[in-house]
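# Commentary on secondary and tertiary structure
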Amino acid sequence: MDATVAPAITGGNMLAEDVVLRTTGLTKRYGKRLAVNGLNLDVRRGDVFGLLGPNGSGKSTTLRMVLGLVWPTAGSLSLFGGDHGESDQRRAALRRVGAVVEQPAFYPYLSGRQNLRGVAIFAGLDSSSETHKRVDEALGYVGLSDRADDAYRKYSLGMKQRLGIAAALLTQPELVVLDEPTNGLDPAGMVEVRALIKQLAQRGITVLLASHLLHEVQQVCTRVAIMKEGNLLAQGEVSDLLAAQIGLQLGFDDPAKLQQALAALQSAAGSTPWLRGASLTAPEPGAWIPPGGQLLFVDAPLDQAAGVNALLADAGLYAAELRRREGSLEQYFLALTGDGASASPPPPTSVPSPSTPQQGGAA
Amino acid sequence: MNATAPQASAPASVTALSAGTWVIEVMRLTRWELYLAWRRVMTKVLIILLVISYAIVVGFISFAIVQITNQPVQSGQSFQCPPDATGCVTPSPQEIQQMQQDQAKQRAASLAQFSDPVTFPTSLGFAATFARIVGLLLICILAGALIGSEYGYSTQRLAFSRDTSRLQMLVAQTFALAVISMILVAGMLVLATLVGLTVGPALGVSVSAPSFGGWMEIVKFFFAFSFSLFAYTLVALVAATLGKSTVAGVGLALGWIVLELIVGGVLTGIGLILENVGQNRDLGHTLQHIPDWFLGNNVGALLGHAGQYPIALAPDPGPDLTFARSLIVSLIYCAIFFGGSYLLLSRRDVTE
Ligand SMILES: Nc1ncnc2c1ncn2[C@@H]1O[C@H](COP(=O)(O)OP(=O)(O)O)[C@@H](O)[C@H]1O
Ligand SMILES: [Mg+2]
């Protein structure tokens, strides 16, 4: 499990070809501003890898370094086993990558079709009829066949995004890099794009996706790295992160009782095998907020609700509310970044980056 | 893993790219850049401007020719004194004949001055003089827009996030600018040939076909003329790359042209004054020769060397700017512009 952040030096126990992208201490400074700080990422073949973080956390900068658009200040990056610092190896690796970087950019005075033919030239394809066929297929795949001959400047934002995706898929890449792919789309467009990402994954294409939308990442990604202010806060399987969020949640009418319950459960944890721990947590948005504003999170299997009740009753404590909590990245993220009113410590499966100051933890 | 997953492949280094592929890719990119230039509305507007302004100049010249040819030769009568004039000596018939001959010579000289620009093959030389002012401004605008708009449209990342290298892109852009310069010059020369074969003869000037040597001069002239424009498109290239915008590319290139003209004129003027009226003759001489290091003077000298004999399409560049020296100086300028663009582009982060 911890192999997920095995540094490149030890190589972990993965085969080299299973790692599509590995960054080691990847750092980017723009002048004095540290945009990305010592990032260690591993994207494996078949992952739908989510780079998650608020605006300005360094996601786009990271993707641009992967794509050879921005030169790292320090650290190294290996794509398909090639050294990104070597021009030939970088170019050979980029042949296997398709990308949409932030807002799609094309020549406004050319049609969608002509733009894709240009992309084909940039990707080293000839201008044979086979390439033209590929262009038309890509246009069809994103549903732009009807508008293929309209000038790009006349496209709606959604059509521009789709043309970007068509460009990314043009060369039948093994890795698709998408930066905020649903930005500016209406809800239906978002659903479409997410379905498309899942289709890519089913075809065995590795996807590296940056997004600030927690639920989007939760819906489509298999693995996630959480970034904030250039730092990697955690990296792991989405299912593991969610599993750590599952537990029981109790509310008390009296903050003093809450503290007593916390102490009682923490002391019981040592002698009760199924009870893994207890901590204070913030209610999720929209939920009932008890006096004092905090809830008690009990890390225990969901079917032990009665057991928790019994333990509390032994101490003469009675909860005003007891609820099952399903996992959500949002909870996890708030806990990790300390943005919640009070945060539970990061679950054990989280793998904080050694180089980052831990911002989460109990307040 | 997924059954349809692509085969795990060997490290990227195995698929290193061959030199042949590199060149073929650059050729494709060059064609693409030319296509981009052609598809821009601006290109068509600039071509129309060039043709119209040339037509206007040719029109003025034709008008002047017509004026000169229609001037009546003074009759013998007009040389006679008015009846009541005192101190007036009526010229003898021989004197009148002499005056009429002088007048005809003068008229022929001024006619030649105006008819050369519209008579083949000297019309080619005039077309160059014209295009080195108007065409130069327009081609620099086009070059600045072509390179600079890549930043405005953020389209650079399309190429650089693929396997197109920055050097390849720059070489392709440079080739494209060279081709555009040659197309413009070829177009100008064709226009000038048409004018020279129609307008001149229509106004009564006789046209003779150039000798073989004349044709060779025209070919050399074509290349020197193209180069004189191309060198300035590289100013637009480095300026647009430096300023990451069309405005920078166009503005700095036009600024360069104007600055050369002004500074060159001022230095030559002050130098002449110092040399002739002041005591400081050496300084005057030096000042006058500073513009010999300017790009415009050197490409102009190359044009002069290419267009000397037998037609004399361009003015004599004088003894100081030899062919070899002008060529070397011009090439150094081009190398600096290209190298500077490469240094800027290769180190830069593409954050547009
Ligand atoms: N070209 C640039 N020059 C200076 N600072 C930049 C540049 N691009 C991004 N940054 C800064 O780097 C940080 C990370 O930005 P970015 O990678 O775009 O974040 P995200 O994509 O996660 O929103 C931000 O603080 C941003 O202001
Ligand atoms: Mg971003």
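Residues numbered from 1 in each chain as written. Chains lettered and ligands numbered in written order. Predicted model: local features only at pLDDT ≥ 70, side-chain atom pairs only at ≥ 80, totals over all residues. Heavy atoms only, no water.

What follows is about the domain arrangement of chain A. In terms of domains, chain A is made up of domain 1 (16-241) and domain 2 (247-325). In this structure, domain 1 of chain A and domain 2 of chain A have C-alpha centres spaced 43 Å apart. (Domains from an automatic or database assignment.)

Attention now moves to the interface of chain B and chain A. Listed per partner, the contact involves 47 residues of chain B and 52 residues of chain A. Across the chain B to chain A interface the summed buried area is about 4,200 Å²; carbon plus sulfur atoms make up 56%. Considering only the side of chain B, the residues that lose the most area to chain A are W32, R157 and R162 of chain B, jointly responsible for 18% of the buried surface there. Close ionic contact of R91 of chain A with E25 of chain B constitutes a salt bridge, the shortest N to O distance being 3.1 Å. Applying the counting criterion to the chain B and chain A interface returns 25 residue pairs in polar contact (both at pLDDT 80 or more). (Contact = heavy atoms within 4.5 Å. Buried area = accessible area lost by both parts, 1.4 Å probe. Salt bridge = Lys/Arg side-chain N within 4 Å of Asp/Glu carboxyl O. Polar contact = N/O pair within 3.5 Å; in protein donor to acceptor, adjacent residues only side chain to side chain.)

Moving on: the site of ligand 1. All residues adjacent to ligand 1 are Y30, R33, A35, P54, N55, G56, S57, G58, K59, S60 and T61 of chain A together with T351 of chain B. Looking at the residues close to ligand 1, they fall on chains A and B. For ligand 1, an oxygen atom lies 3.2 Å from a polar atom in the backbone of S57 of chain A. Between ligand 1 and T351 of chain B there is a distance of 3.4 Å, counted from a nitrogen atom to a side-chain nitrogen or oxygen. (Near = heavy atom within 4 Å.)

The strands making up a sheet associate through hydrogen bonds between their backbones, and the pairing can be parallel or antiparallel. All names here are of chain A. Sheet architecture is open: four strands sit in the order β2-β1-β4-β5, paired in antiparallel fashion. Lying at the two open borders of the sheet, with one neighbouring strand each, are β2 (33-44) and β5 (82-83). Strand direction decides the pairing type here: strand β1 (residues 19-30) and β2, joined by eight bridges, are antiparallel. Residue pairing in the sheet places L21 in a bridge with V43 of β2. (Pairing = 2+ DSSP bridges. Helix = DSSP H or I, 4+ residues; strand = E, 2+ residues; numbered from the N terminus.)

Another point: the layout of surface pockets. Gaps left between atoms are located by rolling a probe of water-molecule size over the structure's atoms. Residue and element names in this part refer to chain B. What the largest pocket holds in volume is close to 790 Å³. Taken together, 37 residues form the lining of the largest pocket, with T129, R132, I133, G296 and G300 sitting closest to its centre. The biggest single contributor to the lining of the largest pocket is helix α4 (residues 122-152), with nine residues. (1 Å grid on protein atoms, 1.4 Å probe; cavity = no way out; pocket = protein on both sides within 12 Å on 5 of 7 lines; lining within 4 Å. Points joined across faces, edges and corners; volume = space filled by probe spheres on them.)

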